[in-house]
There are 2 protein chains.
Amino acid sequence: MASKIKNYKVIAAAKRAQQQDKIPKSWRIPTDRFRDATNVMDIPLTCGLLDETESRITSDYDATALLEKLRARVWSVEQVTVAFCKRAAIAHQLTNCLTEIFFDDAIERAKKLDLEYDQKSRENALPPLFGLPISLKDSYQVSGYDTSTGLGCYVDQPAEDNSALAAMLIDLGAVLYSKTNLPQSIMTGDSDNNIFGRTLNPRNKLLTVGGSTGGEGALIALRGSILGVGTDIGGSIRVPSVCNGIYGFRPSVDLVPHGGVRDLTPPGTDGIRSTAGPMATSLRDCSLFLKTILQADTWKYDSTSISVPWTNIKPAHKLRIGVAQNDGVYTPSPPVRRALKQAVDLLRDNDDIQIIPINLPDVKSHYQDIISYFTLSGSDQFARTGEPVIPSLEAIGLLSVPGTTLQGFFDLNVRRAEAAKKYLKLFRDNEIDVILMPPAPNTAVPLDCWTRAAYTSLWNYLDYPAIVIPVDHVRDIDSADDLRNAQFGPEDEKLYSLYTGPEQYKDAPICIQVVGYRHKDEALLRAAAVLDSIINSI
Amino acid sequence: MASKIKNYKVIAAAKRAQQQDKIPKSWRIPTDRFRDATNVMDIPLTCGLLDETESRITSDYDATALLEKLRARVWSVEQVTVAFCKRAAIAHQLTNCLTEIFFDDAIERAKKLDLEYDQKSRENALPPLFGLPISLKDSYQVSGYDTSTGLGCYVDQPAEDNSALAAMLIDLGAVLYSKTNLPQSIMTGDSDNNIFGRTLNPRNKLLTVGGSTGGEGALIALRGSILGVGTDIGGSIRVPSVCNGIYGFRPSVDLVPHGGVRDLTPPGTDGIRSTAGPMATSLRDCSLFLKTILQADTWKYDSTSISVPWTNIKPAHKLRIGVAQNDGVYTPSPPVRRALKQAVDLLRDNDDIQIIPINLPDVKSHYQDIISYFTLSGSDQFARTGEPVIPSLEAIGLLSVPGTTLQGFFDLNVRRAEAAKKYLKLFRDNEIDVILMPPAPNTAVPLDCWTRAAYTSLWNYLDYPAIVIPVDHVRDIDSADDLRNAQFGPEDEKLYSLYTGPEQYKDAPICIQVVGYRHKDEALLRAAAVLDSIINSI
């Protein structure tokens, strides 16, 4: 490994040249022309690469609707695959969002699926994800391609097997066509590493794209994908969903197979566990994803799966929504507060909804334990390759934590069990179905300034499923306000001061987060669908 | 605690005197008369304490059938409760199987339930376990009573709350009336401790009653209970089921609420986890138990629960049974081999069953890791109160293990994950629904001779659900045979030599074990019901 460390620049250059070669010459766009654009959201449709059909295929549908078109043979799998490969190529040239590119394989598979369709007489013999292009975070193994996670030491080591979820998606009829960028360490809010470089936020290149599943965030925002899969151990699906204004769902651990995913935590680590989940352009696509997976015998693919069946539950009563304005540690910035208030006002007007104000207990002390769980083996785990540390990893302060002992680990578990009791009591005493709160104290922030907060990681700690729903974007009315509005002390003030007003934060999406009880993922998705339909109907 | 340790004998004497007082004078039987009987199974019906109705109530039904009678008001809850309290009192006087006795409370509750029934018009408004007496292992907390687990340091500390499962059973309509004995450390195959003493095997007092849920084993064998709840971290439900010839089911971890149970592992310990499950006189009662629990919102009672719903699955195909003759470490004794062969022969004749011979891979090395998991914090955990160590705890060799580090724990987890993949492959490659094998290499053995083997604990290690089904008992034809039949070396020979022939092992039950895949508990129970109906139909 020593020589590889020295040569990470050489490795990176070679890897990026290979990457460039994977994009057909005819799909290249004049990137120089767009270099100065802060917001590149329009370019996929204006750059001239997509024909009308490709524009429609990639623009007009969510995955649920596209699957209907595929089944009805409005378009062939090949047409759909080529369209998304092209649009992903555009997205990559604009934001540097891809890592492994396998358009050729995807198009070949698409042709095979088309042939298979012709041979099958009945529509319902088709697999549930027939012909749907799905993108994956780089940490999923795809046979024949690297799982480098942006580290030189893992480059040029093609996977021999598919990770459990990749294998499953293929068996379910999906078409895999690319993997997406992430931060060195897979632990920060900026998707930046020494091999692939930084992924940019397509709505505002001066703000972070989010992390760790940031490549997916940019790719889906630009509709180079409409369904991607990330992982989330502290917010890694939800943070880039916030930064890119898309839907992102963190399921309870092990409902979606996580086997064969490359994490940077030492093998065998327990405590807070990473979970696999979808990022999408609609809420119903998050449901489609979970339902399809849960109905497909996850246990056969992954010995760590929990087989909770999908039961098509119906809500028996008025939805009771516990609303938490903040986590008691960081005050949400003015646009985040405004959008939450707007959402709650809409819900309050609805007869099927009851709003219950709640406070999240003891988040500050839980957050201490969350950090301890993330650094059980000490900080070395995050920078162990010897490559230079990316700025956002330096900034989050996980590099000087000493690790713990077995007894220390057990002590953490005891406190976590107590927290779990307390939060169960919060759910039961208030008889709430879900919690509604901001997914972060801020929107996307300037590069390398994302502060890890408990807004997302609290739910990893408790293993509660949580979903991010885009509801608005920063508007001219969202002026920066007095620092005295930061209620929780100097650290809070520091983060609060990061919001300077609508100019710097132009086009930054604003999202809400809906949190369900552990293993009640289906119930969460149902409740979230109701909220989404009310809040986003206007 | 120091003075308590010194005085454990005083504490024990006081505790047992209190216990004696809890048995009404009119329910006492002339125990002297039965002292020399090796098998006391007939005595509950011959001692004259139970009237004809009480004899019928306690003898003629399993829990499923008794619930029907209770609902139909053939008998009142009070009648049923008194009958079981009386028979439990007899069982206790014969085998020393109870710890906490709360007959008074139970009868009072029974009267209340009878009143409630009278006030409710429709039968189906009754809770699912309406009026059913259920006994609990001592480690479950029942409000107002000790959870001493046979240790002086915990005596006279009545619980303030019910454990999650106790609370749930009460809400479901059950009547709790006593708790049952277990070994010091809750880790051995002899239910013996310094406070309550040893529970005897009612079929043969010279053989162990099994452990750790041995009190339940004796109580249910004598029908002082027809449904009890134990815990199982290495075989603690299944071993006493084997020794007493009853049904015992170890569900996957956390399907049945385990919160508020006193274990002797240090709080926060992870790794192999204890699970709660039923012991019963029929297989369908094990299903009744799991179904009732899973349908009753376990999450509301216990923040550690996994909410896998009961789905009334139907098997889609011929059952494929993988048969393992042994674990590759210990050779089953002649009667155990004979009974397994008998069972397999019966199954082979059945058109709905396919038998697939399998070998369990690498059990010996997994067993090393199982021991390491049991002693993560070192051996002190098992004898930390300073009381004298019971012989069976001394014998199992867990008292000289040094414990491990956090890295050692992670390494164990890595190997366990590999084992899980290997055993998933065993299930998938052979397309088996369940594994059929002996639950132990032996039947009940002489006192303090039970050797922990991987036959049960392998399934705790992998978290596979497993059920013990009684199929026969030692017969005259079961001669001891040549030690050369012990195939796996000196340790195996040593255990094999323990079987001396039918005389010493008179009336010892023989059981089989059926093992399902993780979280497929409902499927296991369905398959086991088919096997049970074939094997036990004659």
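Residues numbered from 1 in each chain as written. Chains lettered and ligands numbered in written order. Predicted model: local features only at pLDDT ≥ 70, side-chain atom pairs only at ≥ 80, totals over all residues. Heavy atoms only, no water.

Asks: An account of the UniProt feature "domain: Amidase" (unreviewed entry) in chain A is needed here, citing residue identities and associated values.
Replies: Residues given the UniProt feature "domain: Amidase" (unreviewed entry) here are residues 80-382 and 415-525 of chain A. Between the first and last C-alpha atoms of residues 415-525 of chain A the distance is 29 Å; the span itself is 32% helix and 17% strand. (UniProt positions renumbered as here; feature names shortened; annotations may be inferred. Helix = DSSP H or I, 4+ residues; strand = E, 2+ residues; numbered from the N terminus.)

Asks: I'd like a description of the packing of aromatic side chains, backed by residues and values.
Replies: A complete count under the given rule lists 29 aromatic pairs over all chains for this structure. Through pairs of rings, three or more aromatic residues link up here, namely A:Tyr373, A:Phe409, A:Phe410, A:Tyr461, B:Tyr373, B:Phe409, B:Phe410 and B:Tyr461. Over the aromatic face of A:Tyr154 sits the side chain of A:Arg262, whose NZ or CZ is 3.6 Å from the ring centroid. (Phe/Tyr/Trp six-rings, centres within 6.5 Å; stacked < 30°, edge-to-face > 60°. Lys NZ or Arg CZ within 6 Å of the ring centre and 35° of its normal.)

Asks: Explain the interface of chain B and chain A to me, and be specific about the residues and the numbers.
Replies: Residue-level contacts link 35 residues of chain B with 35 residues of chain A. Around 3000 Å² of area is buried between chain B and chain A when both sides are counted, 63% of it from carbon and sulfur atoms. When the buried surface of chain B facing chain A is broken down by residue, B:Trp299, B:Ser303 and B:Leu406 rank first, second and third, together holding 22% of it. Summed over the shared surface of chain B and chain A, the result is zero salt bridges. Along the contact surface separating chain B from chain A lie six residue pairs in polar contact (both at pLDDT 80 or more). A class-by-class count of the residues in the side of chain B that touches chain A yields 15 nonpolar, 12 polar and eight charged. (Contact = heavy atoms within 4.5 Å. Buried area = accessible area lost by both parts, 1.4 Å probe. Salt bridge = Lys/Arg side-chain N within 4 Å of Asp/Glu carboxyl O. Polar contact = N/O pair within 3.5 Å; in protein donor to acceptor, adjacent residues only side chain to side chain. Nonpolar A, V, L, I, M, F, W, Y, C, P; charged D, E, K, R; others polar.)

Asks: Go over the domain arrangement of chain A, please, and point to the residues and values.
Replies: Residue and element names in this part refer to chain A. Partitioning chain A into domains gives domain 1 (2-28 + 40-300) and domain 2 (319-535). One C-alpha centre belongs to domain 1, the other to domain 2; they are set 25 Å apart. Contacts between the two partners involve 58 residues from domain 1, matched on the other side by 61 residues from domain 2. Of the roughly 4800 Å² buried at the junction of domain 1 and domain 2 (both faces included), carbon and sulfur atoms supply 60%. Considering only the surface of domain 1 that becomes buried against domain 2, Met187, Val242 and Ile272 emerge as the three largest contributors, covering 14% of it. (Domains from an automatic or database assignment.)

Asks: Tell me about the UniProt feature "binding site: substrate" (unreviewed entry) in chain A, and please be specific about residues and values.
Replies: All names here are of chain A. The residues that UniProt annotates with the feature "binding site: substrate" (unreviewed entry) are Ile186, Ser212, Ile233, Gly234, Gly235 and Ser236. For the annotated residues, spread through 51 residues, the largest C-alpha to C-alpha distance comes to 10.7 Å, consistent with a single compact locus. With respect to the secondary-structure elements, Ile186 resides in the loop between strand 3 (175-180) and strand 4 (192-193). By relative accessible area, Ile186 is classed as buried at 6%. In this structure Ile186 touches Lys137, Ser139, Thr149, Ser212, Ser236, Arg262 and Leu264, once residues within four positions along its chain are discounted. Relative to the elements of secondary structure, Gly234 occurs in the loop between strand 6 (227-232) and helix 11 (238-244). Note on Gly234: relative accessible area 3%, which makes it buried. Apart from the residues lying within four places of it in its own chain, the contact partners of Gly234 are Phe374, Arg452, Thr456, Ser457 and Asn460. (Buried < 20%, exposed > 50% of the residue type's maximum accessible area, 1.4 Å probe, protein only.)

Asks: Before we move on, can you summarise the sheet that holds strand 1 (residues 98-101) of chain B with the specific residues and values?
Replies: Residues and elements named next belong to chain B. Strand order in the open sheet made by the 11 strands is 1-3-2-6-8-7-12-13-11-9-10, with mixed pairing throughout. The open sheet terminates on both sides in strands that have one partner only, identified here as strand 1 and strand 10 (353-357). The mean angle between the axes of side-by-side strands here comes to 30°, regardless of whether they run parallel or antiparallel. Here five bridges tie strand 9 (residues 319-323) to strand 10, and the two strands are oriented parallel to one another. Of the residues in strand 10, the one forming a bridge with Arg320 is Gln354. (Pairing = 2+ DSSP bridges. Axes fitted to C-alpha atoms, helices over the stretch in contact; angles between N-to-C directions.)

Asks: If you had to explain the environment of B:Lys291 to someone new, which residues and values would you point to?
Replies: Residues and elements named next belong to chain B. In this fold, Lys291 is placed in helix 12 (residues 283-294). Among the residues examined, Lys291 registers a relative accessible area of 31% and is labelled partly exposed. Separated by 21 residues in sequence, Lys291 and Asn312 place their C-alpha atoms 9.0 Å apart. If we skip the residues at most four places from it in the chain, Lys291 touches Trp310 and Asn312.

Asks: Explain the nonpolar core residue by residue, including any values.
Replies: Ranked by internal contacts, the top residues of the largest apolar core, which has 236 residues, are A:Phe103, A:Ile134, A:Leu169, B:Phe103, B:Ile134 and B:Leu169. Beyond its immediate sequence surroundings of up to four residues, A:Leu169 is in contact with A:Leu129, A:Ile134, A:Leu136, A:Ala174, A:Leu176, A:Val229, A:Phe289 and A:Ile293. Membership of the second largest hydrophobic core comes to 92 residues, among which are B:Tyr367, B:Ala419, B:Ile435 and B:Met437. (Core = buried A, V, L, I, M, F, W, Y, C linked by side-chain atoms within 4.5 Å.)

Asks: Outline the confidence of the model for chain A, supporting the account with residue identities and numerical values.
Replies: Averaged over all residues, the pLDDT of chain A equals 95, while 97% of them reach at least 70. For this predicted complex, the interface confidence comes out at an ipTM of 0.94, alongside a pTM of 0.96. (pLDDT = per-residue confidence, 0-100.)

Asks: Please give an account of the relation of the copies chain B and chain A that cites residues and values.
Replies: Note on the identical chains: chain B maps onto chain A by a rotation of 180° and an axial translation of 0.0 Å, with an RMSD of 0.0 Å. Here the transformation between the copies is reduced to the relation of a two-fold axis. Across chain B, the rotation axis passes nearest the C-alpha of B:Leu406, at a separation of 2.2 Å. The share of interface residues of chain B whose copies in chain A are also at the interface is 100%, consistent with both copies meeting through the same surface. (Least-squares fit on C-alpha atoms with pLDDT ≥ 70 in both.)

Asks: Please give an account of the side chain of A:Lys205 that cites residues and values.
Replies: All names here are of chain A. Of note, Lys205 is situated in the loop between strand 5 (197-198) and helix 10 (214-221). As a buried residue without a salt bridge, Lys205 has its nearest oppositely charged side chain in Asp36, at a separation of 7.2 Å. Polar contacts involving the side chain of Lys205 include one to the main-chain carbonyl oxygen of Arg35, which spans 3.4 Å. Within the local environment of Lys205, its side chain forms a polar contact with the backbone oxygen of Ala37, the two atoms lying 3.2 Å apart. The contact partners of Lys205, leaving out residues within four places of it in the chain, are Phe34, Arg35, Ala37, Thr38, Val40, Leu94, Leu200 and Leu447. (Lys, Arg positive; Asp, Glu negative; His and termini not counted.)

Asks: Now, about the state of the cysteines: what can you tell me, with residues and values included?
Replies: All names here are of chain A. Using the criterion set out here, one finds zero disulfides over all chains in the structure. Here Cys97 is not cross-linked by a disulfide; its sulfur's nearest cysteine counterpart is in Cys85, at 13 Å. When its relative accessible area of 0% is taken as the criterion, Cys97 is described as buried. (Disulfide = S-S within 2.5 Å.)

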